[in-house]
Amino acid sequence: MRRSSDLQPEIADESAWWRDAVFYQVYVRSFADSNNDGIGDLDGIRSRLGYLELLGVDALWLTPFYRSPMADHGYDVSHPRDVDPMFGDLAAFDALVADAHSHNMRITIDLVPNHTSDRHDWFQAALAAGPGSRERSRYVFRDGSGYDGSQPPNNWTSIFGGPAWTRVRDGQWYLHLFAPQQPDLNWDNPEVHADLEQTLRFWLDRGVDGFRIDVAHGMAKPFDLPNMDPRSLGTSGVLRDDVRDPRFDDDGVHEIHRMIRKVLDSYPGRMAVGEVWVTDDERFARYIRPDELHLAFNFRLVEAGFDADQVRSAIDHSLGAVQPLGTPPTWTLSNHDVVRHVTRYGGGALGEKRARAMILVELALPGVVYLYNGEELGLPNVELPEWALQDPTWERSGHTERGRDGCRVPIPWEGDVPPFGFSQNAHTWLPVPNEWNHLTAEAQLEDPGSMLSLYRHALELRKTQQAISGDELEWYGAPPGCFAFRRKGGGLICALNTSGASVPLPPGEILISSGPMDGAQLPPDTSVWLV
Ligand code: GLC
Ligand code: CA
């Protein structure tokens, strides 16, 4: 890992700092609460920078903290160039950037270009101005279908359930791929481009090091808005595309990424990563052409089960998609939209064991890693009581899908009673379970066998070991249910056993293992690094 105490972007060898960086996603509402209203905020993050430095991450990604009515917890932005009072103010943001930089950590922020809040001035003006107006042309308004226009313009569904169209008083309909409070912008309108450019420059001028672009495969829509294939109608989730879906990955999106890249290129050392739920490798790769995104999340590791063949295929696809372009792959096991991986891998002691094995696999890979706050503590998903649920998915699905709150529960820091130092207020925005008393950062920090210690140790090795270098992998032969790969540059070997029985270890000296060895054998649900 290249490190420097000087974060000035003009330093040449630092300008592509993200190529092997470890990012840490801070879900701002849930990280740390400084003013005891039960909701995390910017000053809370600033107070925990020492912890993040100890953990050993290079950069943070902050989820949206802009002015928002919070219908989708900040992904419904009513003013993209201001901080919501719930999270602090611009001075708090500037202080956070300055402090993070003095801790040698970069700050990247979320950009939400696909939609705004319905309370954004533009949308309010669009409602007031009526059909055919310049104000309406910033969004996607259409007349309805059916003899009296009482049916939606097409059959598109919202990711959060129900139709993607809502009718307004004068009879027109507007498009929202997410909640009705998140109207989609019309990216054919130059004013929309100009406004995003203004937002980019606003934050770049304040010193941010980059952006995570929300729904980066959305934004552009086919001009005639053709119906969706009925086979994908019932599915929710941002993209599980076995059939092409006209709502996403329209070819027009690339022009928008080229515009964003042009702005970023005028600020050396800044980067953008896109949320790109596109599984076709060739279509995925289009997003990271040299004049588009610097990085794109590939969600294949999230979608792979704890199974050596599935994980290996996820790795091969992810590498295969980016290698022709010379772009680093971007790995992630969890984020604020998916079930936490301890739980996905079976939960309890087994889920933890497997999560330990998978973090060593992830950190052994070439490229960029995104960690999600709390995974370093081994937090599981929480089965929240119904009264606590807040994700719009819960209402929109008619209480059939619980949504994403279970992976967004506040971080347990210290002490024995909820909310474990997250806030002095016992009423946190989501309740923190009692059982998390043994998962606090405090409880894990000094325990060499804890998940936190494993993360710290592995992150330290990743930074200091020459063996962990080079862009390419080679696969070794391995028993069924297992794999082993070698980093071609430095020579590190990583082996994973997802079978039910111990297997012989590959040759080499053990650098770190996710659990105890079984003599000279690699036990089930365990991984190891060898040199
Ligand atoms: C992205 C975000 C998700 C949000 C959605 C709408 O998928 O990750 O949390 O709900 O976009 O902005
Ligand atoms: Ca707060």
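See the structure shown above.
Residues numbered from 1 in each chain as written. Chains lettered and ligands numbered in written order. Predicted model: local features only at pLDDT ≥ 70, side-chain atom pairs only at ≥ 80, totals over all residues. Heavy atoms only, no water.

Chemist: Would you explain the layout of surface pockets in this entry?
Modeler: Considered as a void within the structure, the second largest pocket measures approximately 420 Å³ in volume. Residue lining of the second largest pocket: 23 residues in total, with Asp-20, Gly-367, Gly-470, Asp-471 and Arg-487 positioned closest to the centre. Secondary-structure elements contributing two or more residues to the lining of the second largest pocket are α9 (308-322) and α14 (451-464). Ranked by residue count, the leading element in the lining of the second largest pocket is α14, at 3 residues. Looking at the lining of the second largest pocket residue by residue, the class counts come to 8 nonpolar, 9 polar and 6 charged. Each of domain 1 (4-115 + 190-459) and domain 3 (470-530) accounts for three or more of the residues forming the lining of the second largest pocket. (1 Å grid on protein atoms, 1.4 Å probe; cavity = no way out; pocket = protein on both sides within 12 Å on 5 of 7 lines; lining within 4 Å. Points joined across faces, edges and corners; volume = space filled by probe spheres on them. Helix = DSSP H or I, 4+ residues; strand = E, 2+ residues; numbered from the N terminus. Nonpolar A, V, L, I, M, F, W, Y, C, P; charged D, E, K, R; others polar. Domains from an automatic or database assignment.)

Chemist: What's the story with the coordination of the calcium ion (ligand 2) in this structure? I'm lost.
Modeler: Put simply, a metal with four donors set out as a tetrahedron has ideal angles of 109.5 degrees, and one with six donors set out as an octahedron has ideal angles of 90 or 180 degrees. Binding of the calcium ion (ligand 2) to the protein goes through Asp-33 (OD), Asn-35 (OD1), Asp-37 (OD), Ile-39 (O) and Asp-41 (OD), at separations of 2.2 to 2.3 Å. All donors of the calcium ion (ligand 2) come from a single chain, and their spacing in sequence reads D-x1-N-x1-D-x1-I-x1-D. Take Ile-39: its relative accessible area is 11%, and that puts it in the buried class. (Donors = N, O, S within 2.8 Å, 3.2 Å for Na, K, Ca; no water. Buried < 20%, exposed > 50% of the residue type's maximum accessible area, 1.4 Å probe, protein only.)

Chemist: Whenever I open this one, empty space enclosed by the protein confuses me. Can you help?
Modeler: In this approach a probe as big as a water molecule rolls over the atoms, and the regions it shows empty are the leftover space. Taken as a whole, this structure holds 5 cavities of 30 Å³ or more when the rule is applied. Reported here for the largest cavity is a volume of approximately 190 Å³. Along its surface, the largest cavity is lined by 17 residues, and Pro-80, Val-112, Asp-195, Leu-196 and Thr-199 are the ones closest to its centre. Of all the secondary-structure elements, those providing two or more residues to the lining of the largest cavity are β5 (106-111) and α5 (190-205). The biggest single contributor to the lining of the largest cavity is α5, with 4 residues. Classifying every residue of the lining of the largest cavity by side-chain character gives 11 nonpolar, 4 polar and 2 charged.

Chemist: Got a minute to help me understand the pattern of salt bridges in this structure?
Modeler: Where charged atoms of side chains with opposite charge meet at close range, the side chains can pair. Counted according to the given criterion, the structure contains 34 salt bridges. Taking the shortest distance from any N to any O, the salt bridge between Arg-48 and Glu-414 comes out at 3.5 Å. With Arg-48 in the loop between α1 (42-47) and α2 (49-55) and Glu-414 in the loop between α12 (392-396) and α13 (441-445), this pair connects stretches of sequence that are 366 residues apart. Look at Glu-414 and you get partly exposed, because its relative accessible area is 33%. Residue Asp-337 is joined to Arg-404 by a salt bridge in which the shortest nitrogen-to-oxygen separation is 3.1 Å. Residue Asp-337 is located in the loop between β12 (330-332) and α10 (341-344), and its partner Arg-404 is located in the loop between α12 and α13; the two are separated by 67 residues in the primary sequence. (Salt bridge = Lys/Arg side-chain N within 4 Å of Asp/Glu carboxyl O.)

Everything listed here is a matter of coordinates, which is why it stays silent on function.
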